[in-house]
Amino acid sequence: MTDKLTPWDRVKLARKIDRPTSSDYISKVFDSFIELHGDRYYGDDSAVVAGIAKYNYQSITVIAQQKGKNIKENKKRNYGMPKPEGYRKALRLMKQAEKFKRPIILLIDTPGAFCGIEAEERGQGEAIAKNLYEMSSIKVPILSIVIGEGGSGGALAFGVSNEVWMLKNSIYSVISPEGFASIIWKDGKRAPEAADLLKLTAHDLIRLKIIDKVIDEPDEFTVDSMDNLVNDIKTQIQQFLDSHIKMTEEEIVSSRYNRFRTL
Amino acid sequence: MLKDFFKKSPNIQRRTIKTTQIPDGLFQKCLKCNEILYSEDLIENYYVCPNCNHHIRVNPRERLSMILDSGSFVEWDLDMELSNPIDFPGYKEKLQHIKSVTNLDEAVITGLGRIGGTKVAIGVMASSFLMGSMGRAVGEKITRLIEAATDRRLPLIIFCCSGGARMQEGMVSLMQMAKTSAALKRHDKEGLLYISVLTDPTTGGVMASFAMLGDIILAEPGALIGFAGPRVIEQTIGQKLPEGFQRSEFLIEHGFIDKIVKRSQMKKILSMLIRS
Ligand SMILES: [Zn+2]
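Residues numbered from 1 in each chain as written. Chains lettered and ligands numbered in written order. Predicted model: local features only at pLDDT ≥ 70, side-chain atom pairs only at ≥ 80, totals over all residues. Heavy atoms only, no water.

Peer 1: Tell me about the overall build of chain B, and please be specific about residues and values.
Peer 2: When you go through chain B residue by residue, the secondary structure sums to ten helices and ten strands. A compact globule built from 276 residues would reach a C-alpha radius of gyration of about 19 Å, and chain B, at 18 Å, matches this within 12%. Once the C-alpha set of chain B is aligned to its principal axes, its extents read approximately 50 × 45 × 40 Å. Counting only residues that meet the buried cut, chain B has 62% of its 276 residues in that class. Of the contacts formed within chain B by residues at least 6 apart in sequence, a portion of 70% connects residues at least 24 apart. In the structure as shown, chain B presents an accessible area of about 10,800 Å², 47% of it carried by carbon and sulfur atoms. (Helix = DSSP H or I, 4+ residues; strand = E, 2+ residues; numbered from the N terminus. Rg over C-alpha atoms; globule rule 2.2 N^0.38 Å. Buried < 20%, exposed > 50% of the residue type's maximum accessible area, 1.4 Å probe, protein only. Contact = heavy atoms within 4.5 Å. Areas by Shrake-Rupley, 256 points an atom, 1.4 Å probe, with all protein chains shown as cover.)

Next comes the structure, spelled out in structure tokens:
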């Protein structure tokens, strides 16, 4: 039924306030989770939740962009828009995962990296660049899943991975449809048209080879209706882990390099 | 970043083209201090206003002639295939038009040259070409440049100048950030030197990838350098930004660049650094 949806319909679904957020996946997909905080330079960004999870007796480092479930929580989570310290926390824990040979799973759900004075002062661009750079050579398998919004460079800094998956009604875009419409047509209200042009849906992006897998989701997608999807993701994660456990470190790194090299 | 540059791009393009055609006119007005300048003086002064030190944007060929030993440049990857990955309406025609107006192939020139006799792999971006935005061709040329530098064990210099990712290419443009950064990591692992030089403006997806990944990061005075464009930030926070925000001097104060270098000194400094 959702296959008849327009790209703009999917943009709205991807942003819906009652759509499951990262914390729902963390608690339902994994057997346990210990959250770890801070970037060791400046602070702890609550738009990024990260830690060590157990999954079928394996340890995995999970790093997720966390939106709020209501206005109050969204204020705390900065609407899922990470600051430089969020990206640096993510990188610190990815390096840690590499040291202890834990696979990494990243959940992407952000309108974009935070745009503000402090973010610029603390090097938002440098923080994102460093993630792209370092992630490209991390020796453990990395999987990214776009669960809602994948907003531009702020999402990509969680997405230099061996595989990138998207939920069926999630989006991944170089710019928001509103931003695009206001630049091209000087009219933000033409965002639905922009959503069409930008090719930001999972189906468009698998065709462009930007992502590797589309995960089906229910039409009415809330925490109460996510059980089937959770089971599906669990199976697919196990398959991902199984297929990468046979690879050497060199193969893991070079297959990730080649994945982006051909784009 | 993006928002900002697309709004401004028509003016900036005209302005850049005008400044690069200085030899045709006898006088030129500095766009910053309004001083009337002799064109000849301006060229002799590396297109820097002698009155206010404003570093006027220069096209990549002029830049190369200021930096490289004369006659040493060999250009690579000319005539990249035009890409229109998301079939953006009118995009191919727009590219053709810009190619003919700017006499450039794409928003970056890459190749091999010498500085004071030392071989370098060098890339120079062009603000006059769709605001130096990075689509597949730009990302591919830069990646090939980096890979060639790695294979030939050469130091690498990139003069950055860009409004960010080229949104007419959708997500394919975003992927160029990952592609170029990954290539730089391989260059780094070989123990090779990469110097990025930030010129006005370096923002968005270029700033958040290869621009900020230099072993040494230099900047021209007064260049706009930032992740988000100033207009986007003003809209987000609902207030005016402080004077000098996101300029080279702001970045050096916050510890994100190594040195601000005047255009007249750039060749000398680069030449010393690649020999260090
Ligand atoms: Zn002046």
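On we go from here.
Peer 1: Would you mind going over the overall build of chain A in detail, with residue names and values included?
Peer 2: The secondary structure content of chain A amounts to twelve helices and eight strands. Against the compact-globule benchmark of 18 Å for 263 residues, chain A has a radius of gyration of 17 Å, which places it among compact chains. Projected onto its principal axes, the C-alpha positions of chain A cover 50 × 45 × 40 Å. Out of the 263 residues in chain A, the part that is buried amounts to 61%.

Peer 1: Talk me through the packing of helix α4 (residues 84-99) of chain A against helix α6 (residues 124-135) of chain A; I want residue IDs and the actual numbers.
Peer 2: Residue and element names in this part refer to chain A. Between α4 and α6, whose axes approach to 8 Å, the crossing angle comes to 20°. In this view, α4 runs roughly parallel relative to α6, as classed from their interaxial angle. α6 is crossed by α4, and the crossing has left-handed handedness. Residues P84, Y87, R88, A90, L91, M94 and K95 of α4 form the contact with α6, whose participating residues are Q124, E126, A127, I128, K130, N131, E134 and M135. Split into classes, the residues belonging to the contact of α4 with α6 amount to eight nonpolar, two polar and five charged. (Axes fitted to C-alpha atoms, helices over the stretch in contact; angles between N-to-C directions. Parallel < 35°, antiparallel > 145°, perpendicular 65-115°, else oblique. Left-handed = near helix turned anticlockwise from the far one by under 90°. Nonpolar A, V, L, I, M, F, W, Y, C, P; charged D, E, K, R; others polar.)

Peer 1: Pulling in residues and values, what's your account of the nonpolar core?
Peer 2: In terms of nonpolar packing, the biggest core is built from 143 residues, with A:I63, A:Y172, B:I157, B:F210 and B:L270 touching the most fellow members. The element that contributes the greatest number of residues to this core is helix α6 (residues 170-189) of chain B, accounting for nine residues. Formed jointly, this core draws a minimum of three residues from each of two domains, domain 1 (24-56) and domain 2 (58-275) of chain B. With residues near it in sequence (within four places) discarded, A:I63 still touches A:V48, A:V49, A:A50, A:A90, A:L93, A:M94, A:I104, A:I105, A:L106, A:L107 and A:F158. In this structure, A:F30, A:I147, A:F221 and A:L229 belong to the second largest nonpolar core, which totals 26 residues. (Core = buried A, V, L, I, M, F, W, Y, C linked by side-chain atoms within 4.5 Å. Domains from an automatic or database assignment.)

Peer 1: Describe in detail the state of the cysteines, supporting the description with residues and values.
Peer 2: Overall, the coordinates contain zero disulfides over all chains when judged by the stated rule. Left unpaired, A:C115 is separated from the closest cysteine sulfur, that of B:C160, by 20 Å. Exposure remark for A:C115: the relative accessible area of 15% places this residue in the buried category. Cysteine B:C160 remains unbridged, with the sulfur of B:C161 as its closest cysteine sulfur at 8.7 Å. (Disulfide = S-S within 2.5 Å.)

Peer 1: Got a sec to walk through the pairing of strand β8 (residues 216-219) of chain B? Specific residues and values, please.
Peer 2: All names here are of chain B. Of the two faces of β8, the one carrying I216 and L218 and the one carrying I217 and A219 are both buried. Note: β8 against strand β10 (residues 259-260), two bridges, orientation parallel. Opposite A219, over in β10, you have I260 as the bridge partner. (Pairing = 2+ DSSP bridges.)

Peer 1: Describe the domain arrangement of chain B, and please don't skip the residues or the numbers.
Peer 2: Residue and element names in this part refer to chain B. Each assigned domain of chain B is listed with its residue range as follows: domain 1 (24-56) and domain 2 (58-275). Between domain 1 and domain 2, the C-alpha centre-to-centre distance is 24 Å. Each partner contributes residues to the interface: domain 1 has six residues there, and domain 2 has eight residues. A per-residue breakdown of the area domain 1 buries against domain 2 is headed by Y46, Y47 and H55, which together make up 76% of the total. Between domain 1 and domain 2 we count zero salt bridges in total. (Buried area = accessible area lost by both parts, 1.4 Å probe. Salt bridge = Lys/Arg side-chain N within 4 Å of Asp/Glu carboxyl O.)

Peer 1: Lay out the coordination of the zinc ion in plain terms, naming residues and giving numbers.
Peer 2: Six octahedral donors around a metal ideally subtend angles of 90 or 180 degrees, whereas four tetrahedral donors ideally subtend 109.5 degrees. Residues and elements named next belong to chain B. Donor atoms from the polypeptide that coordinate the zinc ion comprise C30 (SG), C33 (SG), C49 (SG) and C52 (SG), at 2.2 to 2.3 Å from the metal. Viewed at the metal, the four donor atoms of the zinc ion are separated by angles of 107 to 112°, and the geometry they form is tetrahedral. Read in sequence order, the donor residues coordinating the zinc ion give the pattern C-x2-C-x15-C-x2-C. With a relative accessible area of 0%, C30 lands in the buried category. Take C33: its relative accessible area is 26%, and that puts it in the partly exposed class. (Donors = N, O, S within 2.8 Å, 3.2 Å for Na, K, Ca; no water. Tetrahedral: all angles 85-135°; square planar, octahedral: opposite > 155°, others 65-115°.)

Peer 1: Now, about the packing of aromatic side chains: what can you tell me, with residues and values included?
Peer 2: If you walk through the whole model with that rule in mind, you get seven aromatic pairs over all chains. Aromatic side chains A:W165 and A:F240 sit 6.3 Å apart centroid to centroid with 90° between the ring planes, which places their arrangement in the edge-to-face category. In this pair, A:W165 sits in strand β6 (residues 163-167) while A:F240 sits in helix α11 (residues 227-245), placing the two residues 75 residues apart along the sequence. Just as A:W165 is buried, A:F240 falls in that class too. An aromatic cluster of three or more residues is present, and its members are A:F180, A:W185 and B:F88. (Phe/Tyr/Trp six-rings, centres within 6.5 Å; stacked < 30°, edge-to-face > 60°.)

Peer 1: Residues and numbers for unusual backbone geometry, please.
Peer 2: Excluding glycine, residues mostly carry a negative phi; peptide bonds, for their part, are mostly trans. Residues and elements named next belong to chain B. Residue P201 follows D200 across a cis peptide bond; omega there is -10°. Here P201 shows up in strand β7 (residues 194-203). Of note, R153 is a non-glycine position whose phi angle comes to about 55°, a positive value. Positionally, R153 belongs in the loop between α5 (136-151) and β6 (156-162).

Peer 1: Any details on the packing of helix α8 (residues 177-184) of chain A against helix α9 (residues 191-198) of chain A? Residues and values, ideally.
Peer 2: Residues and elements named next belong to chain A. As a packed pair, α8 and α9 sit with axes 8 Å apart at the nearest point and diverge in direction by 105°. Judged by the angle between their axes, α8 and α9 are roughly perpendicular. Contacts between α8 and α9 involve P177, E178, F180 and A181 from the former and A191, A194, A195, L197 and L198 from the latter. Here the contact of α8 with α9 is built from residues that sort into eight nonpolar, no polar and one charged.

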